[in-house]
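Each chain, letter by letter, is given below.
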Amino acid sequence: MLDQGAPPQDPTRTAPTSLLGGLMRRKPVERLVAEGGHGEGGTLRRSLGLWQLTMISIGATLGTGIFVVLGDAVPEAGPAVTLAFVIAGLTALFSALSYAELAGSIPVAGSSYSYAYATMGELVAWVCGWCLVLEYGVSVAAVAVGWGEYLNELLDGTIGVTIPAALSSAPGEGGIVNLPALIVVLLAMVFLLGGARESARANTIMVAVKMFALVLFCAVGFTGFKSGNYADFMPMGMAGVSAAGATLFFSYIGFDAASTAGEEAKDPKKDLPRAIMLSLIIVTALYVLVAGVAVGAWDWKKFDGSEASLAAIMNDVSGQTFWGTLLALGAVISIASVVLTVLYGQTRILFAMSRDGLVPKALGRIHPKTGAPRLNTVVVSLFCGALAALIPLGKLVDATSIGTLFAFALVNIAVIVLRVKRPELERTFRVPFGPVLPVLGFGFCAYNMFSLDSITWVVFGCWMAAGLVFYFSYGYRRSRLAVADRTS
């Protein structure tokens, strides 16, 4: 039954006396938790358990990174791409520990945006939220582009035809529009409009398919394993490994998706930390295994320019197209689950920002029958669909990575700040070794950010500038904390 009750009232606040005071205003943890689930016209439904939350994180993580981006990373690192996966995985691990602690203490939908709001103030929270829009929104588009490439592989292996380049490539790659990428985003939108429980069921099925597809690849690919392919292990040196690690960090984007479901989880304090850590362990193990088999089965120089590299390896090793076509089918289904779950995360982050008044309230309106933010879902889907249809994959991957790394860096800082300011707060999970691991997590994120090229930094700078213009022209005075300041 949908709860039509209004969210808890704002506590009395002291109005800030300066611009700096307004930028530093923080939202108390107790208030964040008390408002959990409340939106315009009703509340989100708590229907997700540990298994479903874990599948959401795996669904959001395991996909394009290994099926498509591997082909971009191997030419940068050579056989040492396995080491690059480990570096990217360590970066994700340190941040995952911080996410797990904060998710257990502040189990709300806003993920790192909400954590920053409780610890570092409104401006930092806005910057973090704006980075999450870049992470999730652009990631959906990048994943959708990868989906279209495997769809063509599947069509070629089954009926012998492919979608013309004009309708399956972005304008920057010689096409007019990437129609398959747009279609998969719109299909995910339809699932999300049905509600979180229905979307979670569909995602669980797709996750099972993708894990089977990767295990199948390892079984077939290992038959063509040649140890000589590892002879020149690090042809580009450590610089190449670092560059590949920064690119492959895209493969780990999404493990935090469970934290965006904090207001729809049955037991968020216990289940969110477990889901985050469990999903990262499973995903990392599969990545290292698949990358090791792929490079062992194929000379690393062959990966250059190969988008659907795993399917090509299976065809090459087996000497027939059946296995590659079967893998392409698994990839089409599994990559669709990434689009679904990452799109879900984006809508819930905007839902939290809307509730705080930093973006229009209409994005927080909940449909009375499905318990889903319907307008929010449609707007986000159309935006992501347009990006997927018109922007090349490579540009999307690097832009997503830098936004994610910045948000993850803030999460590591937030753990330390919250421990200092609120040591008495209940924590169902604690990052071990005090502040050491969060500091390492921050350092790894910064290291990977500076491994990205200058063009990516320019795009990131423009994105942040646009976000600050929006915040100061809209969110600064319309935020619920600002309104409470003026009326207190």
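For the structure itself, look to the data block above.
Every value quoted in this text rests on a predicted model; they were computed, and no experiment measured them.

J.: What should I look at first to understand the overall build of the chain in this one?
T.: Summing up its helical and strand segments, the chain has 20 helices and two strands in all. Expressed as a percentage of its 488 residues, the buried residues of the chain come to 60%. Here the analysis covers contacts within the chain between residues at least 6 apart in sequence; of these, 84% occur between residues at least 24 apart. As displayed, the chain offers around 17600 Å² of accessible surface, 69% of which is attributable to carbon and sulfur atoms.

J.: I keep staring at the nonpolar core and nothing clicks. Help me out?
T.: A general trend in soluble globular proteins is that nonpolar side chains are found buried together. If you look at the biggest cluster of nonpolar residues, it comprises 152 residues, and the most contacted ones within it are Leu70, Val81, Phe217 and Leu310. Ranked by residue count, the leading element in this core is helix α8 (residues 122–158), at 21 residues. If we ignore the near neighbours within four places in the chain, the residues touching Phe217 are Phe222, Val290, Val293, Ala294, Leu310, Ile313, Met314 and Leu327.

J.: What is the right way to read the packing of α8 against helix α10 (residues 179–193) from this model?
T.: The relative placement of two packed helices comes down to the angle between their axes together with the axis-to-axis distance. Here α8 crosses α10 at 120 degrees, and the two axes come no closer than 8 Å. In terms of orientation, α8 lies oblique with respect to α10. Crossing angle aside, the handedness with which α8 passes α10 is right-handed. From α8, Val140, Ala144, Val145, Trp147, Gly148 and Leu151 reach across to α10, where they touch Pro180, Ala181, Val184 and Val185. The residue inventory of the contact of α8 with α10, partitioned by class, reads nine nonpolar, one polar and no charged.

J.: Explain the environment of Lys27 to me, please; I cannot follow it from the model alone.
T.: Locating Lys27 in the fold gives a position in the loop between α1 (19–23) and α2 (29–34). Through-space distance from the C-alpha of Lys27 to that of Ala116 is 9.2 Å; in sequence the pair is 89 residues apart.

J.: I tried to follow the pattern of salt bridges on my own but got confused; where do I start?
T.: A pair can form between side chains of opposite charge whenever their charged atoms are brought close. Going through the model one piece at a time under the given rule, you end up with four salt bridges. In this structure, Arg419 and Glu101 form a salt bridge, with 2.7 Å as the shortest nitrogen-oxygen distance. Of the two residues, Arg419 sits in helix α17 (residues 393–421) while Glu101 sits in helix α6 (residues 81–105), which places them 318 residues apart along the sequence. Glu101 serves as the salt-bridge partner of Arg427, at 3.2 Å between the closest nitrogen and oxygen. One end of the pair, Arg427, is in the loop between α17 and α18 (436–449); the other, Glu101, is in helix α6, with 326 residues separating them in the sequence. Grouping residues by exposure puts Arg427 and Glu101 together as buried. Salt bridges linked by common partners bring Glu101, Arg419 and Arg427 together as one network.

J.: Explanation requested: a nonpolar patch on the surface in the structure shown.
T.: Where nonpolar side chains cluster on the molecular surface, the patch consists of Val86, Leu90, Leu93 and Val288 and spans about 250 Å² of accessible area. Of all the elements, α6 adds the most residues to the nonpolar patch, at three residues.

J.: What should I look at first to understand helix α3 (residues 50–61) in this one?
T.: Since the α-helix turns once every 3.6 residues, residues separated by three or four places project in the same direction. Taking 1.5 Å of rise per residue, 12 residues should cover 16 Å, and α3 covers 17 Å from first to last C-alpha, within 8% of that figure. Within the sequence span of α3, burial applies to Gln52, Leu53, Thr54, Met55, Ile56, Ser57, Ile58, Gly59, Ala60 and Thr61.

J.: Even after reading the chapter, I still don't get the packing of aromatic side chains, so can you show me in this structure?
T.: Where two aromatic rings form a pair, the distance of their centres and the angle of their planes describe that pair. Tallied over the entire structure, the rule returns 20 aromatic pairs. Clustering of aromatic rings is evident, with ring pairs tying together Trp126, Trp130, Trp463, Phe470, Tyr471, Phe472, Tyr474 and Tyr476.

J.: Could you clarify how one ought to interpret the packing of α10 against helix α16 (residues 374–390) in this entry?
T.: Where α10 meets α16, the closest approach of the two axes is 8 Å, and the angle between their N-to-C directions is 170 degrees. Classified by the angle their axes make, α10 and α16 are roughly antiparallel. Every pair of crossing elements has a handedness; the one defined by α10 and α16 is right-handed. Between α10 and α16, the residues in contact are Ala181, Leu182, Val185, Leu186, Met189, Leu192 and Leu193 and Arg374, Thr377, Val378, Ser381, Leu382, Cys384, Gly385, Ala388 and Ala389, respectively. A class-by-class count of the residues in the contact of α10 with α16 yields 12 nonpolar, three polar and one charged.

J.: Even after reading the chapter, I still don't get the environment of Asp299, so can you show me in this structure?
T.: Of note, Asp299 is situated in the loop between α13 (268–297) and α14 (309–318). Expressed as a C-alpha distance, the spacing of Asp299 and Asn229, which sit 70 residues apart in the sequence, is 5.5 Å.

Scoring rules and cut-offs
Residues numbered from 1 in each chain as written. Predicted model: local features only at pLDDT ≥ 70, side-chain atom pairs only at ≥ 80, totals over all residues. Heavy atoms only, no water. Helix = DSSP H or I, 4+ residues; strand = E, 2+ residues; numbered from the N terminus. Buried < 20%, exposed > 50% of the residue type's maximum accessible area, 1.4 Å probe, protein only. Contact = heavy atoms within 4.5 Å. Areas by Shrake-Rupley, 256 points an atom, 1.4 Å probe, with all protein chains shown as cover. Core = buried A, V, L, I, M, F, W, Y, C linked by side-chain atoms within 4.5 Å. Axes fitted to C-alpha atoms, helices over the stretch in contact; angles between N-to-C directions. Parallel < 35°, antiparallel > 145°, perpendicular 65-115°, else oblique. Left-handed = near helix turned anticlockwise from the far one by under 90°. Nonpolar A, V, L, I, M, F, W, Y, C, P; charged D, E, K, R; others polar. Salt bridge = Lys/Arg side-chain N within 4 Å of Asp/Glu carboxyl O. Patch = residues over 30% accessible without salt bridge, like charges linked within 9 Å, V, L, I, M, F, W, Y side chains within 5 Å. Expected span 1.5 Å × (residues − 1). Phe/Tyr/Trp six-rings, centres within 6.5 Å; stacked < 30°, edge-to-face > 60°.

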